[in-house]
Amino acid sequence: MSELADWLTIIGFIITILTYLVVRSNKKEINELNRKNFFVNRTPENLKELKNSSLALSRLISNLEENKREVLLEISKIAPILKSLKKSLREHDLEYFNLLKVEVDKHRNIFYKIEDVSWLKRKLKLYVILDEKYVDKTFIFLTTLITDIESLDKDFKKDLLK
Amino acid sequence: MRNKNNEFILALIKQTNNDDINWIIVDHKIDLPHEEKITSKIYKTTILEKSFRLYEFQYKHYVDEDEWLWNQRKRLELIDESNDRLYEFDYNYSLNDLFDAVSRKTSGVDDFLDDFLN
């Protein structure tokens, strides 16, 4: 009787492990389906908004000194788009997404000129100046991310027709 | 991480918007491969004795052996005195923003809108 109980325990344990593996595999597939769903339904709109930001920035940065407020507003508009876009991208598609996110997230601690930064923030280096270098870098990361997403979109259309 | 190609396109955007470089519309005959077709005016500028050409073209993007979609892209080239291509710059989305700046400047639409609305 005791031997039978031992066997049933072992079989029960094996079934638990197998169930866990099946559930984990299903969860992975569901996550991938979710990502594809986000890509199909949200990417066209996100891409359009990123392109609008790119166009607006390209017009504003030619005269940065006069357009600093508008440039900052455009950069701040990119943050929620990136949040939505992340759900559509795979880990290995995130290179320029991550680079852009680092720059865009700086907009919360940005200053128009060094004189506006408190001594404490200067000491701790907790500030970013909205200068040509920062804006150029953000623009280049933005347009490269758009280029990457355009390319992913083409590949995705190819996959859907197969 | 530095990408001189993208930095150059950005510099062209700024200099075009600030009228530091001028583009003209030209009538070049360009041999394009794979059923590509030019779908815009062709623009040319000269910087430091080098000539550059910019235009929009459409091409077939094959999604299967016999299925394709029409796509459009902008192309920036370095050309010689005979208007032959010496080099094609890698595609980056910022070429669209450059094309916007160039077509706005050469069309004179900004000046027209300023005159019309003032």
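A brief look at the structure comes next. Since the structure is predicted, the reported quantities are computational estimates derived from the model, not experimental observations.

Each value, and the rule that gives it
Residues numbered from 1 in each chain as written. Chains lettered and ligands numbered in written order. Predicted model: local features only at pLDDT ≥ 70, side-chain atom pairs only at ≥ 80, totals over all residues. Helix = DSSP H or I, 4+ residues; strand = E, 2+ residues; numbered from the N terminus. Buried ≥ 20, exposed ≤ 12 C-beta atoms within 10 Å, placed from the backbone. Rg over C-alpha atoms; globule rule 2.2 N^0.38 Å. Contact = placed C-beta atoms within 7 Å. Nonpolar A, V, L, I, M, F, W, Y, C, P; charged D, E, K, R; others polar. Core = buried A, V, L, I, M, F, W, Y, C linked by C-beta atoms within 7 Å. Axes fitted to C-alpha atoms, helices over the stretch in contact; angles between N-to-C directions. Parallel < 35°, antiparallel > 145°, perpendicular 65-115°, else oblique. Left-handed = near helix turned anticlockwise from the far one by under 90°. Bend = angle between axes of the 7 residues up to and from the residue.

**Considering the overall build of chain B**
For chain B, the count of helices and strands is three helices and six strands. Secondary structure of chain B in N-to-C order comes out as α-β-β-β-β-β-β-α-α. Principal-axis analysis of the C-alpha atoms places the extent of chain B at approximately 55 × 35 × 35 Å. Taken over 118 residues, chain B has a buried fraction of 21%.

**Remarks on the overall build of chain A**
A tally of regular secondary structure across chain A gives five helices and two strands. Across chain A, helices and strands are ordered from the amino to the carboxyl terminus as α-α-α-β-α-β-α. Over its C-alpha atoms chain A spans a radius of gyration of 24 Å, topping by over 25% the 15 Å that the globule rule assigns to 162 residues. Within chain A, contacts between residues separated by at least 24 positions form 66% of all contacts whose residues are at least 6 apart in sequence.

**Some points on the interface of chain A and chain B**
Where the parts come together, the accessible area they lose is often given as the size of the interface. Across the contact, 18 residues belong to chain A and 18 residues belong to chain B. Ranked by residue count, the leading element in the side of chain A that touches chain B is helix H5 (residues 132-161) of chain A, at twelve residues. Taken together, the residues of the side of chain A that touches chain B sort by class into six nonpolar, six polar and six charged.

**Re the nonpolar core**
One finds A:Val71, A:Phe139, A:Leu142, A:Ile146, B:Leu54, B:Leu98 and B:Val102 to be the most contacted residues of the largest nonpolar core, which totals 34 residues. The set of elements that each furnish at least two residues to this core consists of helix H1 (2-60), helix H2 (64-86), helix H3 (95-105) and H5 of chain A together with helix H1 (4-17), strand S4 (50-62) and helix H2 (94-107) of chain B. Aside from chain neighbours lying at most four places away, what touches B:Leu54 is B:Tyr43, B:Lys74, B:Leu76, B:Leu98, B:Phe99 and B:Val102.

**Comments concerning the packing of H1(A) against H2(A)**
Residues and elements named next belong to chain A. Two numbers describe how H1 lies on H2: the axes approach to 10 Å, and their chain directions differ by 165°. Of the possible angle classes, the one that applies to H1 and H2 is roughly antiparallel. Regarding H1 and H2, the two cross each other, and that crossing is left-handed. Note on element contacts: H2 touches H1 through Asn67, Glu70, Val71, Glu74, Lys77, Ile78, Ile81, Ser84 and Leu85, opposite Arg42, Asn46, Glu49, Leu50, Ser53, Ala56, Leu57 and Leu60.

**Brief notes about H2(A)**
The largest bend along H2(A) measures about 40° and falls at A:Glu70. By the burial criterion, the buried members of H2(A) are A:Val71, A:Glu74, A:Ile75, A:Ile78 and A:Leu85.

**Quick notes on the packing of H2(A) against H3(A)**
Residue and element names in this part refer to chain A. Between H2 and H3, whose axes approach to 10 Å, the crossing angle comes to 140°. The element H2 and its partner H3 pack so that their crossing is left-handed. Facing H2, whose interface residues are Ile75, Ile78, Ala79, Leu82, Leu85 and Lys86, H3 presents Phe97, Leu100, Lys101 and Val104. Per-class residue counts for the contact of H2 with H3 are eight nonpolar, no polar and two charged.

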